[in-house]
Amino acid sequence: MAFPTHRLRRLRGTPALRALVRETQLSPGDFCYPVFACPGEGVRLPIDSMPGICNLSIDCLVEECREAAGLGIAGVMVFGIPSSKDPTGTGAYDERGIVQQAIRALKRELPDLMVIADTCLCEYTDHGHCGAIEGGDVENDKSIALLRKTAVSQARAGADVIAPSDMMDGRVAAIRAGLDEAGLEHVPILSYAAKYASSFYGPFRDAAQSTPQFGDRSSYQMDPANHREAIREIRADIEEGADMIMVKPAMPCLDVLWQARSEFGVPTAAYQVSGEFAMLRAAARNGWLDGDRAMLESLLCIKRAGADFIVTYFAPDAARLLG
Ligand code: PBG
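Predicted model only: the values in this text are computed from it and were never measured. (Residues numbered from 1 in each chain as written. Predicted model: local features only at pLDDT ≥ 70, side-chain atom pairs only at ≥ 80, totals over all residues. Heavy atoms only, no water.)

### Some remarks on helix α5 (residues 171–181)
No. 1: Listing the buried residues of α5 in full gives Arg171, Val172, Ala174, Ile175, Arg176, Gly178 and Leu179.
No. 2: The elements touched by buried residues of α5 are β5 (114–119), α4 (140–156), β8 (161–164), β9 (190–195) and α7 (228–240). (Buried < 20%, exposed > 50% of the residue type's maximum accessible area, 1.4 Å probe, protein only. Helix = DSSP H or I, 4+ residues; strand = E, 2+ residues; numbered from the N terminus. Contact = heavy atoms within 4.5 Å.)

Here it is in structure tokens:
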């Protein structure tokens, strides 16, 4: 008998055969687009470390999101850059805060576009940490009370989904209780359940001007060395009432993503973060990588590893290519 019997190359011979057996397909509806709302009018402030991404005043943000919506993306994730910051991040839960205004404008102008609110304090605190400080560290239980207020104000402004990204213990339960008490029991929670203390958030912190003014986030975000702990974090958040969970960053954490998706029945997202975006953009701009191919391959592989949807700064570009 001729050797070998199995020739896996048989199904790779033509584009049609490859299409027939392709296990994963990308489409614009897989992507959520993170956007940064800043004060002012007509403002499009480019972020140096994220070429192509800008801080946008609300009028420009609406236009940017209108275009993205037209490309068939799943939704947007809104971050706010307030005009002033303070120790307890008051701007995060101000009914007239920048993110609340942005959410209201988006839901008024583009009612069918899904708006996810990132729920955290770090863009709003003058020290840049994700909660209130006591004795030199973020105080967990005081912080979750503030996060709960933030979530309620974002949902009142019209956010379709609340996405806590702070990594305090017990925040999902606190936010769920806050929403339910406010009559917002229909608003789902997408928990950044396994969020690592990652160097890949660097460019985002330029965009949000949220680099911690002392220390780092290792006392609340996870150690990149740990996998089992990520599974415990995810389980805890689901038990507390998370409707969907997220793993962040994405490409450095495909193992966690795969296990999360296999082990739990809840919709699972991945966040391809600013540093992942910046690396690919920079290499493409230098001619070191084929930018379009590398972008689509990164997204495809994140989906293959288990992401039901992907939060990515590439959302409009990838949607345009796929459309
Ligand atoms: C807020 C938050 C961060 C990101 C998403 N939500 C920053 C951080 O934790 O430092 C990072 C997103 C990115 O890098 O694209 N806590």
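### Some thoughts on the site of the ligand
No. 1: Looking at the ligand, there are 18 residues lining it, with Lys195, Arg205, Lys248, Ser274 and Tyr313 nearest.
No. 2: Between the ligand and Arg205, the relevant distance is 2.7 Å, taken from an oxygen atom to a side-chain nitrogen or oxygen of the residue.
No. 3: Residue Gln221 places a side-chain N or O atom 2.9 Å away from an oxygen atom belonging to the ligand.
No. 4: Its free accessible area being 400 Å², the ligand has 100% of it covered by the protein chains.
No. 5: Here the shell around the ligand is composed, by residue class, of 10 nonpolar, three polar and five charged. (Near = heavy atom within 4 Å. Polar contact = N/O pair within 3.5 Å; in protein donor to acceptor, adjacent residues only side chain to side chain. Areas by Shrake-Rupley, 256 points an atom, 1.4 Å probe, with all protein chains shown as cover. Nonpolar A, V, L, I, M, F, W, Y, C, P; charged D, E, K, R; others polar.)

### A short note on the nonpolar core
No. 1: Core analysis: the largest hydrophobic core is formed by 111 residues, its most contacted members being Phe36, Val76, Leu106, Ile162 and Leu190.
No. 2: For this core, the element with the most residues is strand β1 (residues 31–38), which contributes seven residues. (Core = buried A, V, L, I, M, F, W, Y, C linked by side-chain atoms within 4.5 Å.)

### Side note on the environment of Trp258
No. 1: Its place among the elements puts Trp258 in helix α8 (residues 254–263).
No. 2: With a relative accessible area of 54%, Trp258 lands in the exposed category.
No. 3: Spatially, the C-alpha atom of Trp258 lies 12 Å from that of Ala230, the residues being 28 residues apart in sequence.

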